[in-house]
Amino acid sequence: MGRTANARGAAGVAEEDAARQARAIVRRAEAGETGQGLRHGGPVVRLTRVTKRYRMGAQSVTALRGVNLEIPAGDFLAVVGPSGCGKSTLLNLIGAIDLPTDGEVWVDGRDLARLSDRELTALRRERIGIVYQFFNLLPHLSAWENVALPLLLNGLPAPEVRVRVDRQLEQVGLGHRATHWPHELSGGEMQRVAIARAVITAPALLLADEPTGNLDTQAGEEVMQLLRAQHAGRGQTIVVATHSPDVARWARHIVHLRDGAIAGIEEPRAPLA
Ligand SMILES: Nc1ncnc2c1ncn2[C@@H]1O[C@H](COP(=O)(O)OP(=O)(O)OP(=O)(O)O)[C@@H](O)[C@H]1O
Ligand SMILES: [Mg+2]
């Protein structure tokens, strides 16, 4: 009673914010484990007439031109097309890493152009997980620490972090590699650590940009199997960019991109589901 935010001071407020965030993550993570809470109705991602132009000095490159796309919650979508067609650009817009030149990108019911930097950071941190072709693990952190990082950044208490990270590493089959540095892991193992890191906060949306691009067939299949399990178990919305038809077959829907525009959307002819 009577203790105002001012009286507590900024440190106290930050601490409370962190604790509140931590509780929210735990709730979401638990809901995610039973597949509840993430399977809400409407589209989780909506792009309306999205154009992206990159300025290059006097020149500009149009990477996306007038893309309309709705990705319903719980979908597993592959974006395919030749090099340079705009796959990574599309994922970066959906992942709130970049903003469109024209048009709107809505994620989780919010128009990204209307969010402050702080809100964008929070959205990325709490609602979106990203997996990259080159894994992007922090080289000076162990496998375990890499996976723990998002939870630590969100202020989750250490004992909770320990339990969750141990369990997540087991789930990707790497309990026995927890103390390895990234350079002591195979490519497939690094990507499984990266997936564990991307899903540890139970994000509603998981984006993967050429997640198998640096792996052999076997390791690539294991990665896709993990994404599939993630989709089946947690009902997460997953978007995978790939140039490989074999990888795209794991998805429920395939969006074909050509020269920055959607050339067609199909269901895989020989789905692996
Ligand atoms: N930061 C940037 N500045 C300028 N041009 C860019 C930038 N990023 C991408 N482009 C250009 O935009 C187009 C789309 O690039 P993007 O990376 O989205 O393609 P992609 O489909 O992911 O290709 P890949 O399969 O090779 O990864 C390309 O012509 C590329 O050269
Ligand atoms: Mg790309």
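Parameters and conventions
Residues numbered from 1 in each chain as written. Chains lettered and ligands numbered in written order. Predicted model: local features only at pLDDT ≥ 70, side-chain atom pairs only at ≥ 80, totals over all residues. Helix = DSSP H or I, 4+ residues; strand = E, 2+ residues; numbered from the N terminus. Buried ≥ 20, exposed ≤ 12 C-beta atoms within 10 Å, placed from the backbone. Contact = placed C-beta atoms within 7 Å. Pairing = 2+ DSSP bridges. pLDDT = per-residue confidence, 0-100. Axes fitted to C-alpha atoms, helices over the stretch in contact; angles between N-to-C directions. Parallel < 35°, antiparallel > 145°, perpendicular 65-115°, else oblique. Left-handed = near helix turned anticlockwise from the far one by under 90°. Nonpolar A, V, L, I, M, F, W, Y, C, P; charged D, E, K, R; others polar. Near = placed C-beta within 6 Å.

## A word on the overall build of the protein
- Looking only at helices and strands, the protein has eight helices and ten strands in total.
- With 273 residues in all, the protein has 39% of them scored as buried.
- Across the protein, every contact between residues at least 6 apart in sequence was considered, and the portion connecting residues at least 24 apart equals 69%.

## Quick notes on the pairing of strand β6 (residues 128–131)
- Burial along β6 is two-sided: the residues Ile128 and Ile130 and Gly129 and Val131 are all buried.
- Where β6 meets strand β7 (residues 205–209), four bridges bridge the pair, whose relative direction is parallel. The residue bridging Val131 from the neighbouring strand is Ala208, located in β7.

## Some thoughts on the confidence of the model for the protein
- The predicted model of the protein averages 87 in pLDDT, with 83% of residues at 70 or higher.
- Averaged pLDDT values for the elements of the protein fall to 58 in helix α1 (residues 5–33) and rise to 97 in helix α2 (residues 87–94).
- Here residues 1–7 is a poorly scored stretch, pLDDT under 50, and it has two contacts once near neighbours within four places are set aside; other chains count.
- In the predicted structure, residues 32–40 sits below a pLDDT of 50 and forms 19 contacts with residues beyond four places in sequence or in another chain.

## Considerations on the packing of helix α4 (residues 143–153) against helix α5 (residues 158–171)
- Axis separation between α4 and α5 bottoms out at 10 Å; the angle between their running directions is 130°. Considering the angle they form, α4 stands oblique to α5. Handedness of the α4/α5 crossing: right-handed. Contacts between α4 and α5 pair Ala143, Trp144, Val147, Ala148, Leu151 and Leu152 from the former with Val161, Arg164, Val165, Gln168 and Leu169 from the latter.
- Its residues assigned to classes, the contact of α4 with α5 shows nine nonpolar, one polar and one charged.

## Comments concerning the environment of Ala202
- Mapping Ala202 onto the fold places it in the loop between α6 (187–199) and β7.
- The buried category is assigned to Ala202, around which 24 C-beta atoms lie within 10 Å.

## A few points about the pairing of strand β3 (residues 76–80)
- Counting buried positions along β3 gives five out of five residues, so the element sits mostly inside the fold.
- As paired strands, β3 and strand β8 (residues 237–242) are joined by five bridges and run parallel to one another. Bridge assignment links Phe76 to a residue of β8, and that residue is Ile238.
- Relative to strand β9 (residues 253–258), β3 runs parallel, the two being bridged by four bridges. Of the residues in β9, the one forming a bridge with Leu77 is His253.

## Focus on the sheet that holds strand β5 (residues 110–111)
- Pairing in this open sheet of four strands is antiparallel, and the strands run β2-β1-β4-β5 from one edge to the other. Every interior strand has two partners, whereas the edge strands, β2 (59–72) and β5, have only one.
- Sheet topology places strand β1 (residues 43–56) next to β2; ten bridges connect them, and they run antiparallel. Bridged to Arg55 within β2 is Ser60.

## Topic: the sheet that holds β6
- One open sheet accounts for six strands, arranged β6-β7-β8-β3-β9-β10; its pairing is mixed. Either end of the sheet is taken by a strand with one partner, and the two such strands are β6 and β10 (261–266). Averaged over all pairs of adjacent strands, the angle between their axes in this sheet comes to 20°, without regard to strand direction.
- Packed on one face of the sheet, helix α7 (residues 217–234) meets β3, β7 and β8 and runs near 155° to β8.

## What about the site of ligand 1?
- The immediate surroundings of ligand 1 are formed by 13 residues, with Tyr54, Ala63, Ser83, Ser88 and Thr89 found nearest.
- Secondary structure elements with two or more residues in the shell around ligand 1: β1, β2 and α2.
- Counting residues per element, the shell around ligand 1 draws most heavily on α2, at three residues.
- Of the residues that constitute the shell around ligand 1, the class distribution is five nonpolar, seven polar and one charged.

## A look at the packing of α6 against α7
- Their axes nearest at 9 Å, the elements α6 and α7 cross at an angle of 15°. In this view, α6 runs roughly parallel relative to α7, as classed from their interaxial angle. Taken as a pair, α6 and α7 cross one another with a handedness that is right-handed. Mapping the contact onto sequence places Gly187, Gly188, Gln191, Arg192, Ile195 and Val199 in α6 and Ala219, Glu222, Val223, Leu226 and Gln230 in α7.
- A breakdown of the residues in the contact of α6 with α7 according to their chemical character gives five nonpolar, four polar and two charged.

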